[in-house]
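Close look at the chain arrangement
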Amino acid sequence: CRDSEGKLHEFNSKWRTDECYDCSCSRRGIACCASFGTPVGYDKEKCYRIFNKETCTFKVVEKDDHSKECQVHEWVG
């Protein structure tokens, strides 16, 4: 299988992309899905989300004070 960056992968192999997607290669082709959940249920006026590429996770913090995390009620992914 050839991925979107042109790199070849063997059949039945698995890998994680730099964008935090878990992919696998089979004779049918490549399948990828997000390895992270995306926060959607939070106070968007008071807070915003920050993505950490090293841990492949989101953190939701207050806009005025990044040291304070916001409560998240719903995640998708």
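One structure accompanies this document, and this report is about it. (Residues numbered from 1 in each chain as written. Predicted model: local features only at pLDDT ≥ 70, side-chain atom pairs only at ≥ 80, totals over all residues. Heavy atoms only, no water.)

Notes on the overall build of the protein chain
Of regular secondary structure, the protein chain possesses 0 helices and 7 strands. Over its C-alpha trace the protein chain gives a radius of gyration of 16 Å, far above what one expects of a compact globule, namely 11 Å for 77 residues. Principal-axis analysis of the C-alpha atoms places the extent of the protein chain at approximately 50 × 20 × 15 Å. For the protein chain, with 77 residues in total, the buried portion stands at 25%. (Helix = DSSP H or I, 4+ residues; strand = E, 2+ residues; numbered from the N terminus. Rg over C-alpha atoms; globule rule 2.2 N^0.38 Å. Buried < 20%, exposed > 50% of the residue type's maximum accessible area, 1.4 Å probe, protein only.)

Regarding the environment of His9
For His9, the position within the fold is in the segment before strand 1 (14-16). Each C-alpha atom of the pair His9 and Thr55 lies 23 Å from the other, and the pair is 46 residues apart in sequence. Discounting chain neighbours no more than four positions away, the residues touching His9 are Cys1, Asp3, Trp15 and Cys25. A polar contact of 2.8 Å, which involves the side chain of His9, links it to the side chain of Asp3. (Contact = heavy atoms within 4.5 Å. Polar contact = N/O pair within 3.5 Å; in protein donor to acceptor, adjacent residues only side chain to side chain.)

Structural notes on unusual backbone geometry
The backbone of Asn12 sits at a positive phi, close to 65 degrees, despite the residue not being glycine. Residue position: Asn12 is located in the segment before strand 1. The phi dihedral of Cys56 falls on the positive side, at around 55 degrees, and the residue is not glycine. Residue position: Cys56 is located in the loop between strand 5 (47-52) and strand 6 (57-62). Given the relative accessible area of 8%, Cys56 is considered buried.

Quick word on the sheet that holds strand 3 (residues 29-34)
Within a sheet, neighbouring strands are paired by backbone hydrogen bonds and run either parallel or antiparallel to one another. Strand order in the open sheet formed by 3 strands is 1-2-3, with antiparallel pairing between adjacent strands. Looking along the sheet, the strands with just one partner apiece sit at the ends: strand 1 and strand 3. With strand direction ignored, the average angle separating the axes of adjacent strands in the sheet is 20 degrees. Taken together, the 3 bridges between strand 1 and strand 2 (residues 21-26) define a ladder with antiparallel strand orientation. The residue of strand 2 that forms the bridge with Lys14 is Ser24. (Pairing = 2+ DSSP bridges. Axes fitted to C-alpha atoms, helices over the stretch in contact; angles between N-to-C directions.)

Structural measurements only, silent on function.
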